[in-house]
Amino acid sequence: MHVQRFLGSAWASVHGPSEPARWLVWMLEAKFAGFGAAPGPRAVDWGAVARAAAKLPIEVAMVRAGSVFAQRSATAGLGSAKEAERRAAAAAVQKAVALARQLGCPRIVFEPGAVAVLGEVECEDLGDGSYTWSHDRAQALLARRKAGRNVALDRACREVHGIVRAFPDVEFSLAAGRSLLSLADRASLQDLFEDLRSLRLGYWHDAAIAARREQVLGEPQGEWLQTFGNRLSGMDLGDAGPDGMYLPPGSGAVDYGLMASSLRRGGAPTPVVLELDPAVSAAELAGIRSCLDKHGL
């Protein structure tokens, strides 16, 4: 197994012990190398976690600027026409950088913005289990997105360039967004990586989002890894289906065999973070590990 497996902090903060040292030991005993840090439903005393981690063989896979469970990422404003929204989005990345330094982690993951559209939007979240997505509904929203895509992408490119240049000691990776208005579809990420090709910028694969886009839009989930495999810095492993996202692996549409076949075979192991909806029961953990072990993840 040429991966290093981590646990998403949002789920872990709900289901694990509250005391930081016991929390970290609980992860190690569950056979995780450490955690991926991100905002969640329960506050975490990161200073106490950092102090406890210094005494344990624990690692931090990455720090995410924003929650994967939010309809809109905290960095959605990077492509906004409004300066205040761009500043707020950049501030979310800067906050993640500060946390990463506190935890001794060099890697930040964030979504590079969203496209504003005119008029009301009935639903934009591919992970909303209460909304029935159809191909026609999705395409109608994407058509509205198309009108503002290029301008938003130009703004986001400038913002991402400034962020990466400001923190040369940090490894930044871009991830897809769960909103259909996210800039980070495959084509836009290709354009962004091409425009910023002089920068050290990686790709963080979100299995749940890729699977939902395949279900709703017919986009093969494997194309993300084929396109950005040379930039791959890590993966989120939660599953997805019409009922929601970040479900237990093996319960949805994610092709874990395909993901495993995309991993590099040499060099340092690829970090993979088990991102689970906080509603997923801790009793599922043993079955989840068996599923991931079976696929070499």
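About the thresholds
Think of each chain on its own: its residues are numbered from 1, step by step along the sequence as written. Selection of residues for local features in this predicted model requires a pLDDT of at least 70, selection of side-chain atom pairs for listing and counting requires 80 or more, and totals for whole chains, interfaces and linings are taken over all residues. Only hydrogens and water are set aside when side-chain values are computed; all heavy atoms of the structure are taken into account. Pairing between strands requires that DSSP locate at least two bridges from one strand to the other. Runs of E in the DSSP output that reach at least two residues are strands. Runs of H or I that reach at least four are helices, and both are numbered from the N terminus. Interaxial angles span 0 to 180 degrees and are taken between N-to-C directions of axes, which are lines fitted to C-alpha atoms, for helices over the stretch in contact. The salt bridge definition used is simple: a Lys or Arg side-chain nitrogen within 4 Å of an Asp or Glu carboxyl oxygen. Relative accessibility decides the category of a residue: with a 1.4 Å probe and only protein chains considered, values under 20% of the type maximum give buried, values over 50% give exposed, and everything between is partly exposed.

Draft legend 1. Inspection of the sheet that holds strand S2 (residues 34-37) at higher detail. The strand order S1-S2-S3-S4-S5-S6-S7-S10 describes a closed barrel built from eight strands, whose pairing is parallel. Across the sheet, the mean angle separating the axes of adjacent strands is 30° when strand polarity is ignored. For strand S1 (residues 3-8) and S2, the ladder comprises three bridges, and the chain directions are parallel. Among the inter-strand pairings, Leu-7 is bridged to a residue of S2, identified as Phe-35.

Draft legend 2. Structural context of the pattern of salt bridges. Enumeration according to the criterion identifies 13 salt bridges in this entry. For the salt bridge of Asp-169 with Arg-101, the shortest nitrogen-to-oxygen distance reads 2.9 Å. A residue pair is termed long-range when its members are at least 10 positions apart, and Asp-169 in the loop between helix H5 (135-166) and strand S5 (171-175) and Arg-101 in helix H4 (residues 83-103) qualify at 68 residues. Its relative accessible area of 47% is what places Asp-169 among the partly exposed residues. Its relative accessible area of 47% is what places Arg-101 among the partly exposed residues. Of the charged contacts in the structure, one is a salt bridge between Glu-223 and Arg-186, with a shortest N-O distance of 2.7 Å.

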